[in-house]
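Each chain, letter by letter, is given below.
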Amino acid sequence: MPGREEFNDWYNEIVERLELTDKRYPIKGMNVWRPYGWKLMRNIDSLIRHEFDSTGHDEVLFPLLIPKDQFAKEAEHIKGFDSEVYWITHAGLNKLDVPLLLRPTSETAMYPMFSLWVRAHTDLPLKIYQLVNTFRYETKQTRAFIRVREIHFFESHTCHVDFEDAERQVDEDTKILRRFAGKLCIPYLLCKRPDWDKFAGAFYTLGIDALMPNGKALQIGSIHQYKENFSRPYDIQYEDESGEHRYVHQTTFGMSERLVGTIIGIHSDDKGIIIPPAVAPYQLVIVPIISKKGAVEVMNAATKLRDEIASAGIRVHLDDRGLRPGNKYYHWEERGVPLRVEIGLRDIEKNSVVLVRRDTGEKSFVPRSGLITAIQAAMDAVEKNLWDMAEEKLKENILIVDSIDDVVISEDEDTASGIYSMPWCGSEECAHAIEEKTGLGLLGVPSNRGNPEYAGSYEGKKCAICGKGAISMVMAAKSM
Ligand code: ZN
């Protein structure tokens, strides 16, 4: 794994060397997804599709363009996005009467339609999601998958009869998040953002943050409770059982291609990256060990093996290039394929194969008859190990302090000493003081819907700033 100082350069270089992306496309911040990177993203998309489909959400696809007047309806929202929007002002030679924008997010595309779709309480809850690209004119330095101007992401949008039902949706979202992040082996912090940092227009925002190897936090997604903040300006009303008209309560949940950047960042070692089995483009690569004698026999056996493994639903690749086995090992280890099977003449004679784990390097001889079971078990073991290692790293880098004076700020702009957690009295004044005195950004109060135990306990402790009794912990970090 790259050290804190090396991380930025290492990351920028490896994403292109492993052919995940190509940054040479002539628009800054808009990169090309190369096949290996896109396979990884598609697998992440498939996982979330499965999660949403199995929790009663329906997939939709809205147009990319939003008319300006529709965008401007929610005052806070437009303030939040105004400076990041790409505009279309002309069509052919004609100036458009109403300019159009490329969606920076889809609330303002969807909600006028929701007001047509939602009529009665029987239409609720409305639960939809989409997987699309959004566009934001980033002014900070761009970085592949992490800070780009065309962003691949998923977003779910829901409408409910009341606040309590919307809260139940937030609960469901946090459960989806737990399963999904578990498969991606990304331990995360779930914090309620301070009011001045919540999503434009939200009632509250739960930020989802991961720890990167440079010690900084990376926000990988968020869950928002909107209450009636959008349904009022967009007039999304329903008739309740007594015939009264009420505004719906809404929520959203979204995560982006930053998940790819996070996987690359946190699952890496001296050999390259390690991709969690659930989303790996190839879960297993077969390397035939060919010598002069029995070459045809070995290739035939390897092909048969590939077909057998593929028919068990495992993403397998047979590397039949005319290269030495050692070169192939290196190639696929660097690209993070979780498992490798080696098969040579002697293995055929013994009716077994060699199975190698990418994460530990552990080698085992597996009889052909029990191979599929052994592969499944090895994938589970890799997944568990990747999660455990990343969780350990996260815990080590959460620095629990009692006083603001114990916060050590890294002078270097590119690194941070970790994520700080400290007791807090709940006052906005003290929260601002933390940001001002340390230069860190507040991630917020650890949510009970996440893993608040990572943050330590505030009980019996005094506010890190003013010394009054603490009512929660609050987390602060340098963010990427
Ligand atoms: Zn205080």
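Residues numbered from 1 in each chain as written. Predicted model: local features only at pLDDT ≥ 70, side-chain atom pairs only at ≥ 80, totals over all residues. Heavy atoms only, no water.

Enquirer: Run through empty space enclosed by the protein, naming residues and quoting values.
Expert: Take a probe with the size of a water molecule and roll it over the atoms, and the empty space left behind shows itself. Taken as a whole and assessed by the stated rule, the structure comprises 2 cavities of 30 Å³ or more. Lining the largest cavity are Tyr188, Leu189, Leu190, Cys191, Pro446, Ser447, Gly450, Asn451, Pro452, Tyr454, Ala455 and Met475. A total of 3 residues in the lining of the largest cavity trace back to one element, the largest contributor, which is strand β9 (residues 189-192). In the lining of the largest cavity, the residues fall into 9 nonpolar, 3 polar and no charged. If you trace the second largest cavity, you find it lined by Val408, Ile409, Ser410, Ala416, Ser417, Gly418, Tyr420, Leu440 and Lys478. Of the residues assigned to the lining of the second largest cavity, the class counts are 5 nonpolar, 3 polar and 1 charged. (1 Å grid on protein atoms, 1.4 Å probe; cavity = no way out; pocket = protein on both sides within 12 Å on 5 of 7 lines; lining within 4 Å. Points joined across faces, edges and corners; volume = space filled by probe spheres on them. Helix = DSSP H or I, 4+ residues; strand = E, 2+ residues; numbered from the N terminus. Nonpolar A, V, L, I, M, F, W, Y, C, P; charged D, E, K, R; others polar.)

Enquirer: Any chance you could break down the coordination of the zinc ion for me, citing the residues and the numbers?
Expert: Coordination of the zinc ion by the protein comes from Cys425 (SG), Cys430 (SG), Cys463 (SG) and Cys466 (SG), over a distance range of 2.3 to 2.4 Å. Taken together, the 4 donor atoms surrounding the zinc ion define angles of 105 to 115° at the centre, an arrangement classified as tetrahedral. Residue class for cysteine 430 comes out buried when judged on its relative accessible area of 7%. The class of cysteine 466 is partly exposed, set by a relative accessible area of 36%. (Donors = N, O, S within 2.8 Å, 3.2 Å for Na, K, Ca; no water. Tetrahedral: all angles 85-135°; square planar, octahedral: opposite > 155°, others 65-115°. Buried < 20%, exposed > 50% of the residue type's maximum accessible area, 1.4 Å probe, protein only.)

Enquirer: Before we move on, can you summarise the domain arrangement of the protein chain with the specific residues and values?
Expert: When the parts come together, some accessible area is lost, and that loss is often what is quoted as the size of the interface. When cut into domains, the protein chain gives domain 1 (7-269), domain 2 (284-378) and domain 3 (398-477). Summarising the inter-unit geometry, the C-alpha centres of domain 1 and domain 2 are found 40 Å apart. With 6 residues of domain 1 in contact, the opposing surface of domain 2 contributes 5 residues. With both chains or domains summed, domain 1 and domain 2 bury close to 590 Å², and 36% of this area falls on carbon and sulfur atoms. Contact with domain 2 buries surface across domain 1, with Leu18, Tyr36 and Asp269 losing the most and accounting together for 64% of the total. (Domains from an automatic or database assignment. Contact = heavy atoms within 4.5 Å. Buried area = accessible area lost by both parts, 1.4 Å probe.)

Enquirer: Describe the sheet that holds strand β3 (residues 58-59), and please don't skip the residues or the numbers.
Expert: As summarised here, the arrangement of the 11 strands in space is β3-β7-β8-β14-β11-β10-β9-β24-β25-β23-β22, forming an open sheet in which the pairing is mixed. The open sheet has two edge strands with one neighbour each: β3 and β22 (398-400). Two elements, β9 and strand β10 (residues 204-211), share 4 bridges in a ladder whose sense is antiparallel. Along β10, the bridge assignment pairs lysine 192 with leucine 206. Helix α6 (residues 163-184) contacts β7 (126-135), β8 (150-160), β9, β10, β11 (217-227) and β14 (249-256) of the sheet and is inclined by roughly 15° relative to β14. Relative to β11, helix α7 (residues 258-266) is tilted by about 145°, and along the sheet it contacts β10, β11 and β14. (Pairing = 2+ DSSP bridges. Axes fitted to C-alpha atoms, helices over the stretch in contact; angles between N-to-C directions.)

Enquirer: Can you explain a negative patch on the surface? Please cite residues and give values.
Expert: On the surface, a cluster of negative charge is contributed by Glu5, Glu6, Asp9, Asp412, Glu413 and Asp414. Within the secondary structure, glutamate 6 is located in the segment before α1 (7-17). What makes glutamate 6 partly exposed here is its relative accessible area of 45%. (Patch = residues over 30% accessible without salt bridge, like charges linked within 9 Å, V, L, I, M, F, W, Y side chains within 5 Å. Areas by Shrake-Rupley, 256 points an atom, 1.4 Å probe, with all protein chains shown as cover. Salt bridge = Lys/Arg side-chain N within 4 Å of Asp/Glu carboxyl O. Lys, Arg positive; Asp, Glu negative; His and termini not counted. Charge placed at Lys NZ, Arg CZ, Asp CG, Glu CD.)

Enquirer: Give me a nonpolar patch on the surface: which residues, what numbers.
Expert: Taken together, the side chains of Tyr25, Ile27 and Val32 define a hydrophobic patch exposed on the protein surface, amounting to about 250 Å² of accessible area. Relative to the assigned elements, tyrosine 25 resides in strand β1 (residues 21-27). Classification of tyrosine 25 by relative accessible area gives partly exposed; the value is 44%.

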